Amino acid sequence: MARRIARLAIVIAIVQAAVLAAALPAQSATARRYRVTITNLTHGQPLTPPVLAVHRRPAGIFRVGSPASVGVQEIAENGNPAPLVDALEANPHVVSVVTGNVPIVPANRTDETGFPDSVSFEIDGGPGAKYLSWESMLICTNDGFTGVSRLRLPAQGHEITVQTVGYDAGTELNTERFADIVPPCQGLIGVTGDPGTGTTDPALAEGGVVHMHDGIEGSGDLIPAVHGWTESVATLTITAL
């Protein structure tokens, strides 16, 4: 009899727990919000407004050693976020997408340009969300970018900080000529010349894969001492709120 009563008590406890769980908001145990801060570490490479995505599977947005997607190429060559945003929003494994609205300039260019050298966003997580991906163009390059792909999100109440490097999308030859680079480069860094272009030039197609960027070599209009970098290009901090 005592064992039967004990079993009954366990069953009742399980039922009560299930009822309580059903009464709670559907995403109370899994829905989280993250604060993301990106800081430019270079002295001469402004970054385009970032595209951020939180997703369930480690699909990411780029992979070193693989060809860049159209979305990654458009940001890396032209600073155009629309194709990548569209692809992310259509992906069923992506929970949230956030885009910035101002470039992130080097600290020594904040006063002259009126733009910040660091920006922060808040982005929602959801059931099963485990990863964050981000891309921004290195504006004073032919097809350079920085970011992360499939970075594991921190646990609730925790924070992670990583430094990111420069990547080459492998889609356009690195002529380093202002004529082949997006126009904001000159205004944001204060070096004048050809007005530049915001469209892809098929004549410069490279047909390569995403790889570490070699940096600015000074073969065209870009100046290594002005537009170059030697180490990490940005810091990314993610805080689970």
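Our subject is the structure that appears above.
Computed from a predicted structure; not experimentally measured.

Visitor: Break down the sheet that holds strand 9 (residues 211-212) for me, citing the residues and quoting the values.
Guide: In a beta sheet, neighbouring strands are held together by backbone hydrogen bonds and run either parallel or antiparallel to one another. Reading across the sheet, the six strands line up as 3-2-5-6-8-9 and stay open at both edges, with antiparallel pairing between neighbours. Only two strands of the sheet have a single neighbouring strand rather than two, namely strand 3 (94-99) and strand 9. Across the sheet, helix 2 (residues 70-78) is in contact with strand 2 (51-55), strand 5 (131-137) and strand 6 (144-152); its angle to strand 5 comes to roughly 35°. Taken strand by strand, helix 3 (residues 82-90) contacts strand 2, strand 3 and strand 5, and its axis lies near 155° from that of strand 3.

Visitor: How would you explain helix 3 if you had to name every residue and give the values?
Guide: Every buried residue of helix 3 is accounted for by L84, V85 and L88. An end-on view of helix 3 places all buried positions within 100° of arc, on one side of the element. Those residues of helix 3 that are buried lie in contact with strand 2, helix 2, strand 3 and strand 5.

Visitor: Describe the sheet that holds strand 4 (residues 118-124), and please don't skip the residues or the numbers.
Guide: Read across the open sheet, the four strands follow the order 4-1-10-7; overall the sheet is antiparallel. Each having just a single partner strand, strand 4 and strand 7 (159-164) make up the two edges of the open sheet. Between one strand axis and the next, the sheet turns through 15° on average, direction left out of account. Strand direction decides the pairing type here: strand 7 and strand 10 (residues 234-240), joined by six bridges, are antiparallel. By the bridge assignment, T164 is partnered in strand 10 with A234.

Visitor: Which residues make up the pairing of strand 1 (residues 33-40), and what values do they have?
Guide: What you see with strand 1 is a clean split: Y34, V36, I38 and N40 sit on the buried side and R33, R35, T37 and T39 on the side with no burial. Sheet topology places strand 1 next to strand 10; seven bridges connect them, and they run antiparallel. Bridging from a neighbouring strand, V36 pairs with I238 of strand 10.

Visitor: Which residues make up the state of the cysteines, and what are the values?
Guide: Applying the stated criterion across every chain yields a total of one disulfide. In this model, C140 is linked to C185 through a disulfide, with the two sulfur atoms separated by 2.2 Å. Looking down the S-S bond of the C140 and C185 bridge, the torsion is 110°, so its handedness is right-handed. With C140 in the loop between strand 5 and strand 6 and C185 in helix 5 (residues 184-189), this pair connects stretches of sequence that are 45 residues apart. For C185, a relative accessible area of 1% translates into the label buried.

Visitor: Any chance you could break down helix 2 for me, citing the residues and the numbers?
Guide: A large share of helix 2 lies buried, amounting to seven of its nine residues. Looking only at helix 2, the buried set comprises G71, V72, E74, I75, A76, E77 and N78. Where helix 2 is buried, its residues meet strand 2, helix 3, strand 5 and strand 6. Where helix 2 ends, the next residue or the one after it, G79, has phi of about 65°, a positive value.

Visitor: Any details on the pattern of salt bridges? Residues and values, ideally.
Guide: Tallied over the full model, the rule gives four salt bridges. Residue D124 is joined to R33 by a salt bridge in which the shortest nitrogen-to-oxygen separation is 2.3 Å. Here D124, found in strand 4, pairs with R33, found in strand 1; they are 91 residues apart in sequence, far enough to count as distant. Here E122 makes a salt bridge to R35, at a shortest N to O gap of 3.8 Å. You can see E122 sitting in strand 4 and its partner R35 sitting in strand 1, a full 87 residues away along the chain. When salt bridges with common partners are traced through the structure, they connect R33, R35, E122 and D124 into a single cluster.

Visitor: Talk me through unusual backbone geometry; I want residue IDs and the actual numbers.
Guide: The phi dihedral of R150 is positive, around 65°, even though this residue is not glycine. Inspection of the secondary structure assignment puts R150 in strand 6. Its identity is not glycine, yet E176 carries a phi of approximately 60°, on the positive side. With respect to the helices, strands and loops of the structure, E176 is situated in the loop between strand 8 (166-168) and helix 5.

Definitions and cut-offs
- Residues numbered from 1 in each chain as written.
- Predicted model: local features only at pLDDT ≥ 70, side-chain atom pairs only at ≥ 80, totals over all residues.
- Heavy atoms only, no water.
- Pairing = 2+ DSSP bridges.
- Helix = DSSP H or I, 4+ residues; strand = E, 2+ residues; numbered from the N terminus.
- Contact = heavy atoms within 4.5 Å.
- Axes fitted to C-alpha atoms, helices over the stretch in contact; angles between N-to-C directions.
- Buried < 20%, exposed > 50% of the residue type's maximum accessible area, 1.4 Å probe, protein only.
- Arc of directions from axis to C-beta.
- Disulfide = S-S within 2.5 Å.
- Salt bridge = Lys/Arg side-chain N within 4 Å of Asp/Glu carboxyl O.

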